[in-house]
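Per-entry structural report
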Amino acid sequence: MRYLPNSPEDRKEMLRATGRSSIDELFAQVPQDLRLHESLQLPGPLSEAEILEFFREAARATSKDFVSLLGAGVYRHYRPVVIDELLSRGEFLTAYTPYQPEISQGTLQALFEFQTLIAQLTGMEVANSSLYDGSTATNEAVLMAMRITGREQVLLARTMHPEYREVIKTYGRYLGTRVKEAPLQPSGQMDLHRLDCVVDEKTAAVVIQSPNFFGVLEPVSEIAELAHKHGAFLIVAVAEPLSLALVKPPAEADIVCGEAQSFGVPVAFGGPYCGFLATRDRFVRQMPGRLVGLTKDSQGRRGFVLTLVTREQFIRREKATSNICTSQTLCALAATIYLCLLGKQGLRKLARNNLAKAHDAARELQAVGAKRPFTGPFFNEFVLETPMPAGDFLRACEEEKILGGLELERFYPEMKNHLLIAVTEMVNKETIDRMARVLAGFGVDAHSSRLNGAAAPVRSH
Amino acid sequence: MSQSGGHNGRITEAIPHITRNEALIFERSSAGKTGAEVAPLDVPPVEAPEVLGKDFYREDIDGFPEVSELEVIRHFTRLSTWNYGIDTGLYPLGSCTMKYNPRINEVVARLDGLATDHPYIPARLAQGCLGILAETARCVAEITGMDAVSLQPAAGAQGELTGLLMIRAYHEDRGERRKYILIPDSAHGTNPASVTTSGYEARSLKSNDRGCVDLAELERAMTPETAGLMLTNPNTLGIFEEQIREVCLRVHHRGGLVYMDGANMNALIGIARPGDFGVDVMHLNLHKTFSTPHGGGGPGSGPVAVKRKLEPYLPTPTIEETGDGFYKLNFDRPKSVGRVRAFYGNFGMAVRALAYMLAYGADGLRQVTEDAVLNANYLRARLSTAYDLAYDAPSMHECVFSDRRQAARGVRTGDIAKRLMDYGFHPYTVSFPLVVPGAMMIEPTESASKAELDAFVDALLAIAQEVKEHPEVVAGAPHSTRLSRLDEATAARKPILRWKPS
Amino acid sequence: MYPQEFLYTQDHEWIRVDGTTASIGITEHAQKELGDIVFVEVPQVGSQVTRKESLGTVESVKAVADVYSPVTGEVIAVNPKIQKAPELVNTDPHGEGWLVRVRLKDRSETESLMTADEYEEYLKKGSAH
């Protein structure tokens, strides 16, 4: 087998050195009646070429020929080729967690840079070196707020990603967490008046997302004021962190957490991604996840180490700040490379392009009869209400090789025919034109009376 | 003193050498540079402060770097050379299973479609990805002898938590409120941390003098309030729990469930299956046993596998085949513990793990196990002349020594580990498991060749000799790395966790 | 090495009783076992501590140790220097590195504690096995 380095002769010699007479004897401690006496029923073995073909075959049954306007916490942005080139370096790819700093400075310095970049973007003082993903990072932020405040009630904005909320509920189920949800108002933002009624001295944290699940920016400072009035934390989750290049960071929050997938991490059917968590210096000892710190070696040279490790499970065991022991280092490295490549100007320009494209698309689709139910400001994602069943519209878009968005009814039963649409730099004007034609076409075929008079913005190529 | 080129006929080292003194990216930055051009707009531009509103508009990202593409390439290439990886050489970290990460896995995970499908695409367009998840789950179930698998947990620790939540849901569904989970004292620290996160209370179970579960202790601890036992098998000492079936029987007899931490499955695949021992729920680490790269600390993936009776409690959604070979996601699972992360888990890791299993096939995977166990036993045989074995019980895929002999001369396991770096090896796992004073935990995996193992043994034997003759050399190691020992105390006393402009 | 006027616990804390109040810290032996101390967590002034229960923690780079209160009482002062300079516990554990001062609830609780000589004897026995 191509991955195994020992020859039959090597094995014989090694077996002799162990004093055993057969390989079987090495397993003597496994009782005979528990041993497998037949081969497992598994596919393979396959040659490299066959493996490649196996997965190419699977890749044929994907959406790879489609243009996608799906967002909802996962965004398709262009990934510069430099990222995978650098990630493929074996020293990064095949290293373990940097517990031996003398021979892990590469990973450590890169993570220190990641922490700095995330702190700069979020407007926080300190960031950890990544967590599993945005949903679990938000959950860790909730647990952290509960630890610090000693309170058990958390208030989740219903405008937050439904799956993030589900994760928080799963973790809270047996920890005595009392989860309440705050409704939204017509702007597509959290309802502040209702919030004011439910936050009280038992609230550990108010948890919002901004831009929220509907793409709408939340009034962070007003919500912070409300939360802080009662001694509760404000946690802000950010699922589209590209927005932070152009949108004021939620600096009034106590914890900013979220998902860095947008920064050069593949969409990959839901993972692996790159959660992050940033906060204020004074809470650093209550933070979950790994932290890299700057220090010196015995000769006075600058170096980096994993630090404040006493928070972690391998030392504190049942009293640890979290049970997490893996971070997402390689994804954090991808994000670091991505952010360094784009840099300040590149990232801001990209964000401006996303903003322009999304607003143009919203305008164009509204012009052919769709409505935009939420009035709050948005970045690169927005909700549209279609005049026809949203499912029919999506299927018609599929005919055009377009994934036209996410049906919100799946998560919000009251939102019939509401679509969540993300427009990144990967979606060009021509795609939006075609979608508009599809939408207008419905008007002609089935809803001519309703759409009568709406000018179909048909453009010729 | 000497001209460039030589001194006494030898090349003098240029200090500071450029690749060994790479600055932070922020220190390389200067305004106006970029490493990526953004494609031009095909729609009219907008005034961001106007569209977003003045209250929301951000003027600047203070301190953010600005560098060119070549600088990025050089920066990270140089940093990478300061790392040691499996590709560099033997990486014998006990309990971490640092095996070769096949490159074809990386190639297939990056295929267009697999790397680009959105998790919310309609099922009819997701058959390729769902099929991969389903096939990976099927292989995991077959390998472990369990009935159902969820690939949702993002890593081993989350797999543990998911399993514990299922145990809890199972008991509560039967109207039982139990409080404790038993954990052998040799367990990894994650186990008790996960127990706490699940709302249970961890109770430590003292191991017997062979490093295994003590049946009498277990019997005493299995009260009606005990929800179950969480054990690793082979355990963290690399010892197979010979009485595993009896252990499971006694836990079951008292109404408890058995959780197995699958961290050490590299010792078992093709040899025996936890499902046949009586284990009710377990997790695997795709980044250990199934060769997905550790990547400097993640991403991992921690699938959970359960027996039929726990299937209703698996996280939502599950992947189901509708009969005609069509896969769909099932969200309608009223007894489920819920969701432990967004979407369906680390799909990209499942792709790699499946590629690994396909490469070997069933008999190949058995060969992997045999080689891993043979390698560990070979090391054990050759090293036990100079180092004290922690326990006499036979080793499976890893062996644990104690620094007892060396500690008597003032050299500890951590020092020996650092000295190994001077010999060109990554150290073993230091000071774990906690039940062994001065533990040196060595797991060579199947990826180590005999020649490499011999070189590693020679290094450790040489170090043992150094401990006798020049202990200060070992105690002050490493001497040949780019940096010497780092001041971890100051790093923790006055944490500097980010760069700031000076 | 171990001041005569102090009393000691088996968990390596010391206490210096002064009328109705007492100072508490960890012993030279304890700081040596832990190594470089990087962080100390002590209760707030005004809080209650209970005999044999944890009153806080002392952390080294890779270990966390609970500090068990030798007595029951109310915290009336915490060492103001210890947060900024936890290394004082290493350099002067019996002096500048004190942790808290408490008002004793029941003086008789100190009767079961070890004297300096007893503590040194206890340490000798501990290292013998």
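Rules of the game
- Residues numbered from 1 in each chain as written.
- Chains lettered and ligands numbered in written order.
- Predicted model: local features only at pLDDT ≥ 70, side-chain atom pairs only at ≥ 80, totals over all residues.
- Heavy atoms only, no water.
- Domains from an automatic or database assignment.
- Patch = residues over 30% accessible without salt bridge, like charges linked within 9 Å, V, L, I, M, F, W, Y side chains within 5 Å.
- Areas by Shrake-Rupley, 256 points an atom, 1.4 Å probe, with all protein chains shown as cover.
- Salt bridge = Lys/Arg side-chain N within 4 Å of Asp/Glu carboxyl O.
- Lys, Arg positive; Asp, Glu negative; His and termini not counted.
- Charge placed at Lys NZ, Arg CZ, Asp CG, Glu CD.
- Helix = DSSP H or I, 4+ residues; strand = E, 2+ residues; numbered from the N terminus.
- Buried < 20%, exposed > 50% of the residue type's maximum accessible area, 1.4 Å probe, protein only.
- Core = buried A, V, L, I, M, F, W, Y, C linked by side-chain atoms within 4.5 Å.
- Axes fitted to C-alpha atoms, helices over the stretch in contact; angles between N-to-C directions.
- Parallel < 35°, antiparallel > 145°, perpendicular 65-115°, else oblique.
- Left-handed = near helix turned anticlockwise from the far one by under 90°.
- Contact = heavy atoms within 4.5 Å.
- Nonpolar A, V, L, I, M, F, W, Y, C, P; charged D, E, K, R; others polar.
- Buried area = accessible area lost by both parts, 1.4 Å probe.
- Polar contact = N/O pair within 3.5 Å; in protein donor to acceptor, adjacent residues only side chain to side chain.
- pLDDT = per-residue confidence, 0-100.
- Disulfide = S-S within 2.5 Å.
- Pairing = 2+ DSSP bridges.

A look at the domain arrangement of chain B
Once the domains are mapped, chain B shows domain 1 (18–80), domain 2 (104–358) and domain 3 (364–488). For domain 1 of chain B versus domain 3 of chain B, the distance between C-alpha centres works out to 44 Å.

A short note on a negative patch on the surface
Residue and element names in this part refer to chain C. A contiguous patch of negative charge, built from D117, E118, E120 and E121, is present on the exposed surface. Checked against the element boundaries, E121 lands in helix α3 (residues 116–128). Given a relative accessible area of 41%, E121 falls into the partly exposed group.

Some details on the nonpolar core
Counting residues in hydrophobic clusters, the biggest one holds 264 residues, and the most contacted among them are F55(A) and L347(A). Sort the elements by how many residues they give to this core and helix α11 (residues 347–383) of chain B lands first, with 20 residues. One finds A148(B), A187(B), M230(B) and L314(B) within the second-largest nonpolar core, a separate group that totals 28 residues.

As for the packing of helix α6 (residues 156–173) of chain B against helix α7 (residues 190–197) of chain B
Residue and element names in this part refer to chain B. Contact pair α6 / α7: the axes reach a minimum separation of 9 Å and the direction vectors enclose 45°. When the axes of α6 and α7 are compared, the pair comes out oblique. For the pair α6 and α7, the sense of crossing is right-handed. When α6 is examined against α7, the residues A157, E160, L161 and L164 are found in contact with a partner set consisting of T190, N191, S194, V195 and T197. Taken together, the residues that form the contact of α6 with α7 break down as four nonpolar, four polar and one charged.

Looking at the environment of L111(B)
Mapped onto the secondary structure, L111(B) falls in the loop between α4 (103–109) and α5 (127–144). What makes L111(B) buried here is its relative accessible area of 14%. With residues near it in sequence (within four places) discarded, L111(B) still touches F55(A) and R56(A).

Observations regarding unusual backbone geometry
With an omega of -10°, the peptide bond running from N233(B) to P234(B) counts as cis. Relative to the helices and strands, P234(B) resides in the loop between β4 (226–232) and α9 (244–253). P478(B) follows A477(B) through a cis peptide bond whose omega is 0°. In this fold, P478(B) is placed in the loop between α15 (471–475) and α16 (488–493). Residue S130(A) is not a glycine yet carries a positive backbone phi of 115°. On the accessibility criterion, S130(A) (0% relative accessible area) is buried. Even without being a glycine, K52(C) presents a positive backbone phi close to 70°. Using a relative accessible area of 61% as the deciding quantity, one classes K52(C) as exposed.

Notes on the pattern of salt bridges
If you walk through the whole model with that rule in mind, you get 65 salt bridges over all chains. The salt bridge involving D84(A) is made with R110(B); its shortest N-O contact spans 3.3 Å. You can see D84(A) sitting in helix α4 (residues 81–87) and its partner R110(B) sitting in the loop between α4 and α5, one on each of two chains. When its relative accessible area of 18% is taken as the criterion, D84(A) is described as buried. When the shortest N-O distance is used, the salt bridge between E409(A) and K416(A) registers 2.8 Å. In this structure E409(A) comes out as partly exposed when scored by relative accessible area, which is 31%. Each of E13(A), R382(B), K450(B), D454(B) and D458(B) takes part in a single network of salt bridges with overlapping partners.

Brief notes about the interface of chain A and chain B
Listed per partner, the contact involves 184 residues of chain A and 202 residues of chain B. Around 16900 Å² of area is buried between chain A and chain B when both sides are counted, 64% of it from carbon and sulfur atoms. When the buried area of chain A at its contact with chain B is split by residue, Q29(A), Y174(A) and F269(A) rank highest and sum to 6% of it. Connecting chain A to chain B are 12 salt bridges. For D371(B), the salt bridge identified is with R11(A), shortest N-O distance 2.7 Å. Seen at the junction of chain A and chain B, the total is 84 residue pairs in polar contact (both at pLDDT 80 or more).

Comments concerning the side chain of E102(A)
Within the element layout of this structure, E102(A) appears in the loop between α5 (90–93) and α6 (105–122). What makes E102(A) buried here is its relative accessible area of 3%. A distance of 2.8 Å separates the side chain of E102(A) from the side chain of K418(B), its partner in a polar contact. Excluding residues that lie within four positions of it along the chain, E102(A) makes contacts with K418(B), M421(B), P478(B), T481(B), L483(B), S484(B), R485(B) and L486(B).

Some points on the confidence of the model for chain B
Residues of chain B with pLDDT of at least 70 account for 97%, and the chain-wide mean is 94. Ignoring residues within four places in sequence, the model shows residues 1–6 of chain B, a span with pLDDT below 50, making four contacts including any to other chains.

Regarding the state of the cysteines
Throughout the structure, instances matching the rule amount to zero disulfides over all chains. Cysteine C331(A) is unpaired, with the sulfur of C274(A) as its nearest cysteine sulfur at 5.9 Å. As a non-bridged cysteine, C399(B) has C96(B) as the owner of its nearest cysteine sulfur, 14 Å distant. In this structure C399(B) comes out as buried when scored by relative accessible area, which is 0%.

Description of the pairing of strand β11 (residues 399–402) of chain B
Residue and element names in this part refer to chain B. Here β11 shows a buried face lined by C399 and F401 and a second buried face lined by V400 and S402. Sheet topology places strand β10 (residues 388–389) next to β11; two bridges connect them, and they run antiparallel. Paired with L389 across the bridge in β11 is F401. Relative to strand β13 (residues 439–442), β11 is paired through four bridges, and the arrangement is antiparallel. Bridge pairing in β13 links S402 to A439.

Thoughts on helix α13 (residues 413–422) of chain B
Because the α-helix completes a turn every 3.6 residues, residues three or four places apart line up on one side. Residue and element names in this part refer to chain B. Most of α13 is tucked away, with nine of its 10 residues classed as buried. Within the sequence span of α13, burial applies to T413, D415, I416, A417, K418, R419, L420, M421 and D422. Looking at the packing, one finds that the buried side of α13 touches α12 (404–407), β12 (429–430), β13, α14 (450–469) and α15. Looking one or two residues beyond α13, the residue adopting positive phi is G424, at roughly 90°.

Concerning the interface of chain C and chain B
Quite often, the size of an interface is put as the accessible area lost when its parts meet. Contacts between the two partners involve nine residues from chain C, matched on the other side by five residues from chain B. The contact between chain C and chain B buries some 530 Å² in all, and 51% of this surface belongs to carbon and sulfur atoms. The largest per-residue losses of area from chain C upon contact with chain B belong to V38(C), V61(C) and E87(C), which jointly make up 61% of the total buried on that side. Our enumeration of links across chain C and chain B arrives at two salt bridges. Put simply, R493(B) and E87(C) hold a salt bridge, and the shortest N to O gap is 3.6 Å. For the interface between chain C and chain B, the tally reads four residue pairs in polar contact (both at pLDDT 80 or more).

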